[in-house]
Amino acid sequence: MLNVGNKVLQQLSALLLERAGLKITLDGYHSLRLALSTRMPVLGLSDPDKYLQKLMSASGEEELRSLLPLVTVGHTEFFRDAKQFRALEQSVLPELLSKARREMRKVSIWSAGCATGEEPYSLALVMAELGALAVEVDLWATDLNLAAVEAARQGRFSTRRAMAIGPERLKRFFRPVEDGYEASPILREYIRFDGQNLAVPVFDKVAPASLDLILCRNVIIYFDLPTIRALMDRFLAALRPGGLLFLGYSESLFKVYDRFEMIEVEGAFVYRRPLGERPRPPPPLAPMATEPRPGSPESFAVELRQRMQASAETAAKLRSAGLAEAAAARSPDASARRPTLEMPAVGALTGRRTGEFPAVRPEPPRTTGEFPAVRTEPSRPSEPPRKPATTGTFAAVRVEPPASRPPAEAPPARPSGSWPQLLPPAERLNMAVRKMGQGDFPAAIDGVKRLLVDEPSDLDALLTLGNLYSLTGRISDARDTFAQALQREPLCVEARVFGGVAAMQAGSLAEARSELAKALFLEPTLAIGHYLLAQVQERTQDFESARRSYRNAVAQLKYPQRPLAGHYPEMLDSAESISRAARYALAALEEQPG
């Protein structure tokens, strides 16, 4: 590793904070040194001061973007995501070890994107506690950053990073060294470290159908949709039938990739390569009744509240005038007609990662097409809760069709505000999004907060909560929530975008401009970012900059636009709607002076 002085690290930290909003503490200096050790040789530089000068020059912006993902490799920890590791310790790894022994082979695991090694060492530790010998385990740990891989291979961790291991495990599997702990040679025998780019078209070091388990957590959030789908194809081919894929809680394959099936294991939702045929494609979904309209320079929140209020008044009039129709709907010949819940005209909420449905029906949750939904029939007070039906080794999430339930024993209605605990996180978030679309913000906030209690790492839910706070005027809470998202994922573009929208609503236009500029530094081709920045510039009477940003918004549409994590009603999310809105605003601006 290069010898880099603290002065250079301090200057680099200040530059990253200014350009990307990435705050580097003293604990993060180790990650900075790793990143410099990787990038400087690429440019043929050996002097850190000269590298810093290049970053600060007019031509250094692209290099700074190349450096950013490497800087964040230190944001990992031992036994990250307690619910997933509980599933690994209690069910997944014991089952895989038992099966491998029966078949007289090794357990094959891939920790993809291992960073500085906390994840593979956590896995190795659990396998050792299960009684597996190192020769029984093939644990392959890879990362794109070769400097991080080398640091992981050494197995040395600061005292602060090692605290999550626990005193008993530290005593058994690590030994104290200067400024921290070092993994014992016995533990390191379980793992083979290597460099690997997940974006390459072929994994030449992985045999087809050879892996039992892949962990690729908090990695694909930085990939675009084509890269994610191609990677999932390769992961599917690499797994044995029935093999498992663990993603981060903020990473969903809903509407992205449908060849895995989702199962529930000890409360954690993971993906499995089907044992038999490829899963059937999802049924077509009903379109929304409304089309997105062109945006205007006015606040999203003001428009949304007005439209929801109008929709609520209309719904009230229809309810008061529709008693006869309701009685007719209960007649036997009305069974073929399915009632649909009236939705406010908030635009087409499509293309999201988290699984919202274009149409909402007031009936028990149905299958999404990607995986069977969890049973939602509540248990009776005298009975213990039912566990999901099992398929193969692990419990699969299933649904009992409403038609199969005895009509005389309809399940009791859930209490007001009750949210199912066994539904997948994406389904629970979708329920809150429906409440948001109906204008029931208190219920939506309550649902998302309950979800975050159970799934604290769900980035979609955290961003949605921030947006709910923003829409209801709780700007301080919104800022705090987006700050939490950035603490978990320092390069989260959505937290900057939505933070900018919240600042716009609060009238803090300088803050909004700063947040959106940071988002565009991280993702220059994000058309909605340019569009929102133009709105800010227009409000500050900077009409020339606004024109330029609206043109940039249209120009970026030649690049694929990914769906944003999190939910914000009325947010433009299609190339057509962004282009139409930007051109409309640009035409209006042409009449303005300046």
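Cut-offs and rules
- Residues numbered from 1 in each chain as written.
- Predicted model: local features only at pLDDT ≥ 70, side-chain atom pairs only at ≥ 80, totals over all residues.
- Heavy atoms only, no water.
- Helix = DSSP H or I, 4+ residues; strand = E, 2+ residues; numbered from the N terminus.
- Expected span 1.5 Å × (residues − 1).
- Buried < 20%, exposed > 50% of the residue type's maximum accessible area, 1.4 Å probe, protein only.
- Contact = heavy atoms within 4.5 Å.
- Pairing = 2+ DSSP bridges.
- Axes fitted to C-alpha atoms, helices over the stretch in contact; angles between N-to-C directions.
- Parallel < 35°, antiparallel > 145°, perpendicular 65-115°, else oblique.
- Nonpolar A, V, L, I, M, F, W, Y, C, P; charged D, E, K, R; others polar.
- Phe/Tyr/Trp six-rings, centres within 6.5 Å; stacked < 30°, edge-to-face > 60°.
- Lys NZ or Arg CZ within 6 Å of the ring centre and 35° of its normal.
- 1 Å grid on protein atoms, 1.4 Å probe; cavity = no way out; pocket = protein on both sides within 12 Å on 5 of 7 lines; lining within 4 Å.
- Points joined across faces, edges and corners; volume = space filled by probe spheres on them.
- Left-handed = near helix turned anticlockwise from the far one by under 90°.
- Polar contact = N/O pair within 3.5 Å; in protein donor to acceptor, adjacent residues only side chain to side chain.

Q: How would you summarise helix α22 (residues 575–589) if you had to cite specific residues and measurements?
A: End to end, α22 covers 21 Å across 15 residues, agreeing with the expected 21 Å (1.5 Å per residue, within 8%). Within α22, burial applies to S577, I578, S579, A581, A582, A585, L586 and L589. Taken together, the buried residues of α22 touch α20 (527–539) and α21 (543–555).

Q: Mind laying out the pairing of strand β4 (residues 174–177), listing which residues take part and the relevant values?
A: Where β4 meets strand β5 (residues 180–183), four bridges bridge the pair, whose relative direction is antiparallel. Each bridged residue has a counterpart across the sheet, and for F174 the counterpart in β5 is A183. Hairpin connection between β4 and β5: a loop of two residues separates the two successive antiparallel strands, and D179 in this loop has a positive phi of roughly 65 degrees.

Q: Provide a residue-level description of the packing of helix α4 (residues 61–71) against helix α19 (residues 509–522), including the pertinent values.
A: Running from N to C, α4 and α19 point in directions that differ by 80 degrees, and their axes come no closer than 10 Å. The angle between α4 and α19 places the two elements in the roughly perpendicular class. Across the interface between the two elements, E61, L64, R65 and L68 from α4 touch L520, F521 and L522 from α19. Considering only residue class, the contact of α4 with α19 consists of five nonpolar, no polar and two charged.

Q: Explain unusual backbone geometry residue by residue, including any values.
A: Negative phi characterises most residues that are not glycine, and trans characterises most peptide bonds. Of note in the backbone geometry, D81 takes a positive phi value of approximately 70 degrees without being a glycine. On the secondary structure map, D81 appears in the loop between α4 and α5 (82–102). D81 gets classed as buried once you look at its relative accessible area, which sits at 10%. One non-glycine residue, N218, lies in the positive phi region at around 60 degrees. Structurally, the position occupied by N218 is in the loop between β7 (211–216) and α11 (225–238).

Q: Pulling in residues and values, what's your account of the packing of aromatic side chains?
A: Evaluated as defined, the whole model comprises 14 aromatic pairs. Following the ring pairs from residue to residue traces out a cluster consisting of F78, Y121, F157, F174 and F193. A cation over a ring is seen here: R65 above F521, with NZ or CZ 4.9 Å from the ring centre. Sitting above the plane of the F203 ring, R234 keeps its charged end 5.0 Å from the centroid.

Q: How would you summarise empty space enclosed by the protein if you had to cite specific residues and measurements?
A: By the definition in use, this model includes four cavities of 30 Å³ or more. Of the voids in this model, the largest cavity is the one considered here, and its volume is about 210 Å³. Taken together, 20 residues line the largest cavity, and the ones lying closest to its centre are Y249, E251, S252, M262 and P425. Contributions of two or more residues to the lining of the largest cavity are made by β8 (239–247), β10 (268–272) and α14 (425–437).

Q: Can you tell me about the packing of α21 against α22, naming the residues and giving the values?
A: At a minimum axis separation of 9 Å, α21 and α22 run at an interaxial angle of 155 degrees. By the angle between their axes, α21 is roughly antiparallel relative to α22. As for how α21 packs across α22, the hand of that crossing is left-handed. Counting all contacts with α21, which are made through F543, A546, R547, Y550, R551, A553 and V554, the residues of α22 involved are S579, A582, R583, A585, L586 and L589. Along the lines of polarity and charge, the residues of the contact of α21 with α22 split into nine nonpolar, one polar and three charged.

Q: Describe the sheet that holds strand β6 (residues 191–195), and please don't skip the residues or the numbers.
A: Within the open sheet, the seven strands sit side by side as β6-β2-β1-β7-β8-β10-β9. Their pairing is mixed. The open sheet is flanked by β6 and β9 (261–265), the only strands paired with a single partner. Across the sheet, the axes of successive neighbouring strands diverge by a mean angle of 25 degrees, strand direction being ignored. Of the pairings in the sheet, the one linking strand β1 (residues 107–112) to strand β2 (residues 137–143) comprises six bridges and is parallel in character. Across the sheet, residue S111 finds its bridge partner in β2, namely A141.

Q: How would you explain the environment of T116 if you had to name every residue and give the values?
A: Mapped onto the secondary structure, T116 falls in the loop between β1 and α6 (118–129). Using a relative accessible area of 3% as the deciding quantity, one classes T116 as buried. Each C-alpha atom of the pair T116 and L34 lies 9.7 Å from the other, and the pair is 82 residues apart in sequence. Polar side-chain contacts of T116 include one of 3.0 Å to the side chain of R161.

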